[in-house]
Amino acid sequence: KKIPLPADDFYGNVCIGKDGSVLLSAGMDDGIRVWKLDTKKGTYDKQAAAYKNFYSDINAVSGAGSYDFFCAKENGIYGFTLDSSEPTLFLDYVASDLLISSAGSFAVMSDKSVLLTCYDEDDGTSLKLLKKVDSAKVAEKKIITLGCTNPDMELRKAVVDFNRNSKKYRISILEYPYVEEEDGIWASQLNTQIATGNIPDMICVNEEMPLQSYAAKCLFEDIGERFAKDPELSKNEYMMNVLDAFKIGGKMYFTVPSFAVIGLMGKQSDFQN
(Lines give C-alpha, C1' and ligand atoms only; values in the text may rest on other atoms or scores of the structure.)
Protein backbone atom coordinates (compact mmCIF):
# COMPACT_ATOMS: atom_id res chain seq x y z
CA LYS A 1 0.00 0.00 0.00
CA LYS A 2 1.34 3.40 -0.97
CA ILE A 3 1.04 5.99 1.78
CA PRO A 4 2.11 9.61 1.31
CA LEU A 5 4.75 11.01 3.62
CA PRO A 6 3.47 13.37 6.33
CA ALA A 7 5.35 16.43 5.01
CA ASP A 8 6.85 17.57 1.71
CA ASP A 9 10.30 18.04 3.26
CA PHE A 10 10.19 14.85 5.31
CA TYR A 11 13.56 13.12 5.58
CA GLY A 12 13.05 11.01 8.65
CA ASN A 13 12.63 7.43 9.72
CA VAL A 14 10.18 4.89 11.08
CA CYS A 15 10.20 3.43 14.57
CA ILE A 16 7.84 1.57 16.89
CA GLY A 17 6.22 3.21 19.92
CA LYS A 18 5.88 1.59 23.33
CA ASP A 19 2.33 0.42 22.47
CA GLY A 20 3.40 -1.09 19.13
CA SER A 21 2.19 1.86 17.07
CA VAL A 22 4.12 2.98 13.99
CA LEU A 23 5.75 6.39 14.34
CA LEU A 24 7.38 8.56 11.70
CA SER A 25 9.84 11.11 12.99
CA ALA A 26 11.95 13.79 11.39
CA GLY A 27 14.21 16.65 12.35
CA MET A 28 12.52 19.76 10.95
CA ASP A 29 13.48 23.44 11.00
CA ASP A 30 11.90 23.98 14.42
CA GLY A 31 12.99 20.71 16.05
CA ILE A 32 11.76 17.10 16.05
CA ARG A 33 8.26 16.28 14.78
CA VAL A 34 6.50 12.95 15.13
CA TRP A 35 3.46 11.51 13.36
CA LYS A 36 1.48 8.42 14.36
CA LEU A 37 0.50 6.22 11.42
CA ASP A 38 -2.83 4.41 11.20
CA THR A 39 -1.65 1.34 9.28
CA LYS A 40 -5.20 0.12 8.52
CA LYS A 41 -6.47 3.38 7.02
CA GLY A 42 -3.14 4.45 5.58
CA THR A 43 -3.52 7.86 7.20
CA TYR A 44 -1.89 9.78 10.01
CA ASP A 45 -3.34 10.87 13.27
CA LYS A 46 -2.96 14.61 13.63
CA GLN A 47 0.64 15.43 14.35
CA ALA A 48 1.31 13.48 17.51
CA ALA A 49 4.05 15.62 18.98
CA ALA A 50 6.41 18.48 18.29
CA TYR A 51 9.56 18.98 20.31
CA LYS A 52 10.70 22.54 19.65
CA ASN A 53 14.37 23.44 19.66
CA PHE A 54 15.44 19.81 20.14
CA TYR A 55 17.92 18.71 17.48
CA SER A 56 19.23 15.16 17.56
CA ASP A 57 22.46 13.66 16.26
CA ILE A 58 20.60 10.45 15.38
CA ASN A 59 17.11 9.77 14.01
CA ALA A 60 14.58 8.41 16.50
CA VAL A 61 14.82 4.77 17.58
CA SER A 62 12.01 2.57 18.86
CA GLY A 63 10.63 2.96 22.35
CA ALA A 64 10.98 0.73 25.39
CA GLY A 65 9.63 0.76 28.91
CA SER A 66 7.64 3.94 29.48
CA TYR A 67 9.01 5.81 26.43
CA ASP A 68 7.62 5.93 22.88
CA PHE A 69 10.95 6.69 21.21
CA PHE A 70 14.49 7.88 21.90
CA CYS A 71 16.93 10.37 20.38
CA ALA A 72 20.59 11.07 21.09
CA LYS A 73 22.50 14.31 21.55
CA GLU A 74 26.12 14.97 22.43
CA ASN A 75 25.39 14.75 26.17
CA GLY A 76 23.27 11.58 26.23
CA ILE A 77 20.13 9.75 25.15
CA TYR A 78 16.69 11.31 25.62
CA GLY A 79 13.38 9.49 26.04
CA PHE A 80 10.10 10.88 24.64
CA THR A 81 6.44 10.17 25.27
CA LEU A 82 3.75 11.33 22.85
CA ASP A 83 1.68 12.95 25.60
CA SER A 84 4.49 15.23 26.73
CA SER A 85 6.35 17.99 24.91
CA GLU A 86 9.38 17.73 27.18
CA PRO A 87 11.96 14.96 26.70
CA THR A 88 13.66 13.21 29.62
CA LEU A 89 17.42 12.69 29.80
CA PHE A 90 17.38 8.89 29.91
CA LEU A 91 21.15 8.29 29.80
CA ASP A 92 23.46 11.12 30.90
CA TYR A 93 26.99 10.34 29.69
CA VAL A 94 28.79 12.58 32.19
CA ALA A 95 26.64 11.45 35.13
CA SER A 96 27.58 7.88 34.15
CA ASP A 97 31.32 8.78 34.09
CA LEU A 98 31.42 8.12 30.36
CA LEU A 99 33.54 10.16 27.95
CA ILE A 100 31.35 9.53 24.89
CA SER A 101 31.76 12.29 22.32
CA SER A 102 29.37 10.81 19.75
CA ALA A 103 26.99 7.88 19.43
CA GLY A 104 26.85 6.00 16.13
CA SER A 105 23.66 4.03 16.69
CA PHE A 106 21.87 2.61 19.69
CA ALA A 107 18.95 0.55 20.94
CA VAL A 108 17.24 0.91 24.31
CA MET A 109 16.53 -2.63 25.41
CA SER A 110 14.67 -1.81 28.63
CA ASP A 111 14.37 0.89 31.30
CA LYS A 112 17.69 -0.40 32.63
CA SER A 113 19.87 -1.26 29.63
CA VAL A 114 21.18 0.37 26.44
CA LEU A 115 23.25 -1.06 23.60
CA LEU A 116 25.18 1.50 21.57
CA THR A 117 28.08 2.01 19.22
CA CYS A 118 30.06 5.11 20.08
CA TYR A 119 33.36 6.92 20.15
CA ASP A 120 34.71 7.04 23.70
CA GLU A 121 37.76 9.05 24.80
CA ASP A 122 38.88 6.03 26.87
CA ASP A 123 38.18 3.15 24.49
CA GLY A 124 37.95 4.68 21.02
CA THR A 125 35.22 3.25 18.77
CA SER A 126 33.40 0.43 20.51
CA LEU A 127 30.14 -1.40 21.13
CA LYS A 128 28.92 -0.91 24.70
CA LEU A 129 26.23 -2.58 26.75
CA LEU A 130 25.32 -0.18 29.54
CA LYS A 131 23.26 -1.26 32.53
CA LYS A 132 21.66 0.94 35.15
CA VAL A 133 23.42 0.83 38.51
CA ASP A 134 21.49 0.08 41.69
CA SER A 135 21.36 3.40 43.57
CA ALA A 136 22.19 1.58 46.81
CA LYS A 137 25.61 0.72 45.35
CA VAL A 138 26.49 4.31 44.46
CA ALA A 139 28.68 6.13 46.97
CA GLU A 140 27.00 9.20 48.45
CA LYS A 141 28.70 12.47 47.49
CA LYS A 142 27.76 16.11 47.79
CA ILE A 143 26.43 17.33 44.43
CA ILE A 144 27.79 20.56 42.96
CA THR A 145 25.76 21.86 40.00
CA LEU A 146 27.51 23.42 37.00
CA GLY A 147 25.31 25.43 34.64
CA CYS A 148 26.43 25.46 30.99
CA THR A 149 25.27 26.36 27.51
CA ASN A 150 26.63 23.85 24.97
CA PRO A 151 29.51 22.48 27.11
CA ASP A 152 32.30 21.17 24.91
CA MET A 153 34.12 17.85 25.24
CA GLU A 154 37.07 19.43 27.05
CA LEU A 155 34.77 20.62 29.84
CA ARG A 156 32.93 17.29 30.00
CA LYS A 157 36.27 15.48 30.31
CA ALA A 158 37.34 17.77 33.16
CA VAL A 159 34.08 17.05 35.01
CA VAL A 160 34.32 13.28 34.49
CA ASP A 161 37.96 13.26 35.64
CA PHE A 162 37.00 15.21 38.76
CA ASN A 163 34.04 12.93 39.54
CA ARG A 164 36.12 9.79 39.14
CA ASN A 165 38.79 11.03 41.56
CA SER A 166 36.85 12.97 44.18
CA LYS A 167 35.65 11.03 47.21
CA LYS A 168 33.51 13.81 48.66
CA TYR A 169 32.03 15.78 45.77
CA ARG A 170 30.40 15.18 42.42
CA ILE A 171 29.78 17.79 39.72
CA SER A 172 26.46 17.56 37.90
CA ILE A 173 26.18 19.44 34.59
CA LEU A 174 22.93 21.35 34.09
CA GLU A 175 22.63 22.12 30.40
CA TYR A 176 20.56 25.13 29.34
CA PRO A 177 19.79 25.13 25.61
CA TYR A 178 19.29 28.07 23.31
CA VAL A 179 15.62 28.81 22.60
CA GLU A 180 14.00 31.09 20.07
CA GLU A 181 12.17 33.95 21.71
CA GLU A 182 9.13 35.84 20.37
CA ASP A 183 11.24 38.46 18.62
CA GLY A 184 13.06 35.72 16.69
CA ILE A 185 16.28 36.12 18.65
CA TRP A 186 17.93 33.02 20.08
CA ALA A 187 18.88 33.23 23.75
CA SER A 188 20.30 30.86 26.34
CA GLN A 189 17.93 29.73 29.07
CA LEU A 190 20.87 30.02 31.48
CA ASN A 191 20.77 33.82 31.17
CA THR A 192 17.07 33.74 32.05
CA GLN A 193 17.70 31.56 35.08
CA ILE A 194 20.50 33.81 36.34
CA ALA A 195 18.35 36.92 35.87
CA THR A 196 15.62 35.39 38.05
CA GLY A 197 18.11 34.41 40.76
CA ASN A 198 17.85 30.67 40.08
CA ILE A 199 21.60 30.10 39.82
CA PRO A 200 23.54 26.79 39.88
CA ASP A 201 26.49 26.45 42.26
CA MET A 202 28.88 27.25 39.40
CA ILE A 203 28.38 28.53 35.87
CA CYS A 204 30.47 28.31 32.74
CA VAL A 205 30.32 31.90 31.50
CA ASN A 206 30.20 33.01 27.87
CA GLU A 207 30.59 36.26 25.98
CA GLU A 208 26.82 36.83 25.81
CA MET A 209 26.37 37.20 29.56
CA PRO A 210 26.18 40.71 31.05
CA LEU A 211 28.80 39.80 33.63
CA GLN A 212 29.30 43.35 34.91
CA SER A 213 25.59 43.59 35.65
CA TYR A 214 25.50 40.19 37.39
CA ALA A 215 28.49 41.12 39.57
CA ALA A 216 26.93 44.48 40.48
CA LYS A 217 23.80 42.65 41.66
CA CYS A 218 25.95 40.41 43.90
CA LEU A 219 24.92 37.26 42.03
CA PHE A 220 28.51 35.95 42.01
CA GLU A 221 30.81 35.13 44.89
CA ASP A 222 34.23 36.78 45.22
CA ILE A 223 36.49 33.68 45.27
CA GLY A 224 39.73 35.61 45.65
CA GLU A 225 40.07 34.79 49.36
CA ARG A 226 39.26 31.12 48.75
CA PHE A 227 41.88 31.02 46.01
CA ALA A 228 44.51 32.68 48.23
CA LYS A 229 43.91 30.36 51.19
CA ASP A 230 43.59 27.06 49.29
CA PRO A 231 46.60 24.93 50.31
CA GLU A 232 46.50 23.04 47.00
CA LEU A 233 46.83 26.21 44.92
CA SER A 234 49.94 28.32 44.47
CA LYS A 235 49.97 31.68 42.76
CA ASN A 236 53.41 30.79 41.43
CA GLU A 237 51.77 28.17 39.20
CA TYR A 238 49.40 30.65 37.57
CA MET A 239 49.80 33.66 35.33
CA MET A 240 48.17 36.04 37.75
CA ASN A 241 48.01 38.89 35.23
CA VAL A 242 45.53 36.79 33.22
CA LEU A 243 43.37 36.18 36.31
CA ASP A 244 43.67 39.86 37.22
CA ALA A 245 42.42 40.82 33.76
CA PHE A 246 39.15 39.00 34.48
CA LYS A 247 38.56 40.75 37.80
CA ILE A 248 35.59 43.08 38.09
CA GLY A 249 36.01 45.98 40.47
CA GLY A 250 39.11 44.37 41.88
CA LYS A 251 37.21 41.21 42.84
CA MET A 252 37.86 37.74 41.51
CA TYR A 253 34.64 36.11 40.34
CA PHE A 254 36.08 33.76 37.72
CA THR A 255 38.77 31.18 37.25
CA VAL A 256 40.32 30.95 33.80
CA PRO A 257 41.22 27.34 32.94
CA SER A 258 42.99 28.21 29.69
CA PHE A 259 43.65 31.05 27.28
CA ALA A 260 45.22 31.64 23.90
CA VAL A 261 47.55 34.37 22.65
CA ILE A 262 47.49 35.10 18.94
CA GLY A 263 50.83 36.19 17.51
CA LEU A 264 51.94 37.71 14.21
CA MET A 265 55.45 37.95 12.74
CA GLY A 266 56.74 40.07 9.91
CA LYS A 267 59.41 42.47 8.70
CA GLN A 268 59.73 45.60 10.80
CA SER A 269 59.73 47.67 7.61
CA ASP A 270 56.32 46.24 6.68
CA PHE A 271 54.82 46.99 10.07
CA GLN A 272 56.29 50.50 10.41
CA ASN A 273 55.44 51.49 14.00
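Here is what the cut-offs are and how they apply
Residues numbered from 1 in each chain as written. Predicted model: local features only at pLDDT ≥ 70, side-chain atom pairs only at ≥ 80, totals over all residues. Heavy atoms only, no water. Salt bridge = Lys/Arg side-chain N within 4 Å of Asp/Glu carboxyl O. Helix = DSSP H or I, 4+ residues; strand = E, 2+ residues; numbered from the N terminus. Buried < 20%, exposed > 50% of the residue type's maximum accessible area, 1.4 Å probe, protein only. Pairing = 2+ DSSP bridges. Axes fitted to C-alpha atoms, helices over the stretch in contact; angles between N-to-C directions. Polar contact = N/O pair within 3.5 Å; in protein donor to acceptor, adjacent residues only side chain to side chain. Contact = heavy atoms within 4.5 Å. Phe/Tyr/Trp six-rings, centres within 6.5 Å; stacked < 30°, edge-to-face > 60°. Core = buried A, V, L, I, M, F, W, Y, C linked by side-chain atoms within 4.5 Å. Expected span 1.5 Å × (residues − 1). Arc of directions from axis to C-beta.

Undergrad: I tried to follow the pattern of salt bridges on my own but got confused; where do I start?
TA: Where charged atoms from two side chains of opposite charge come close, those side chains can pair. Summed over all chains, the structure comprises 10 salt bridges. A salt bridge links R156 to E175, with the shortest nitrogen-to-oxygen separation between them at 3.6 Å. Taken as a pair, R156 in helix α1 (residues 153-165) and E175 in strand β14 (residues 169-175) lie far apart in primary sequence, 19 residues in all. Assessed through its relative accessible area of 5%, R156 is described here as buried. For K247, the salt bridge is made with D244, and the minimal N-O distance between the two is 3.1 Å. You can call D244 partly exposed: its relative accessible area is 39%. Each of D120, D123 and K128 takes part in one network of salt bridges that share partners.

Undergrad: What is the right way to read the sheet that holds strand β11 (residues 113-120) from this model?
TA: To summarise the sheet geometry, strands pair through backbone hydrogen bonds and adopt either a parallel or an antiparallel arrangement. A sheet is described by the order of its strands in space; here three strands give the open sequence β10-β11-β12, paired in antiparallel fashion. Of all the strands in the sheet, the pair left with one neighbour each is β10 (100-110) and β12 (124-131). Strand-to-strand twist of the sheet, defined as the mean angle between neighbouring strand axes without regard to direction, takes the value 15°.

Undergrad: What exactly am I supposed to notice about the side chain of S25 here?
TA: Structurally, the position occupied by S25 is in strand β2 (residues 22-28). For S25, a relative accessible area of 3% puts it in the buried group. In terms of polar contacts, S25 uses its side chain to reach the side chain of N13, at 2.9 Å. Those residues in contact with S25, other than ones at most four positions away along the chain, are F10, G12, N13, R33, V34 and A60.

Undergrad: What exactly am I supposed to notice about the packing of aromatic side chains here?
TA: Aromatic rings considered in pairs are described by the distance between their centres and by the relative angle of their planes. Counting across every chain of the model gives eight aromatic pairs. Between Y67 and F70, the ring centres sit 5.4 Å apart and the planes meet at 55°, which makes this aromatic pair tilted. For the pair Y67 and F70, one class covers both residues: buried. With 5.9 Å between their ring centres and 80° between their planes, Y214 and F220 make a pair best called edge-to-face. No difference in accessibility class separates Y214 from F220, as the two residues are buried. One aromatic cluster is present, formed by Y214, F220, Y253 and F254 through successive ring pairs.

Undergrad: Got a minute to help me understand the nonpolar core in this structure?
TA: Counting 18 residues, the largest nonpolar core has F70, I77, F90, Y93, F106, V108 and L116 as the members making the most contacts within it. For this core, the elements supplying multiple residues, two or more each, are β6 (61-64), β7 (67-73), β9 (88-92), β10 and β11. Among the elements that make up this core, the one with the highest residue count is β10 (four residues).

Undergrad: How should I be thinking about α1 in this particular structure?
TA: One turn of the α-helix equals 3.6 residues, which is why residues spaced by three or four share an orientation. The end-to-end C-alpha separation of α1 is 18 Å, in line with the 18 Å expected for 13 residues at 1.5 Å each. Within the sequence span of α1, burial applies to R156, V159, V160 and N163. One side of α1 carries all its buried residues, which in axial view fall inside an arc of 100°. Across from the buried face of α1, at angles greater than 90 degrees, the exposed residues are E154 and N165. Where α1 is buried, its residues touch β13 (142-148) and β14.

Undergrad: Just checking my understanding: could you explain the sheet that holds β7 for this structure?
TA: The sheet built from four strands is open, its strands ordered β6-β7-β8-β9 with antiparallel pairing. The open sheet has two edge strands, β6 and β9, and neither has a second partner. The average undirected angle you get between the axes of adjacent strands in this sheet is 35°. Here strand β8 (residues 76-80) runs beside β9; their pairing, made up of four bridges, is antiparallel. Of the residues in β9, the one forming a bridge with G76 is D92.

Structural measurements only, silent on function.
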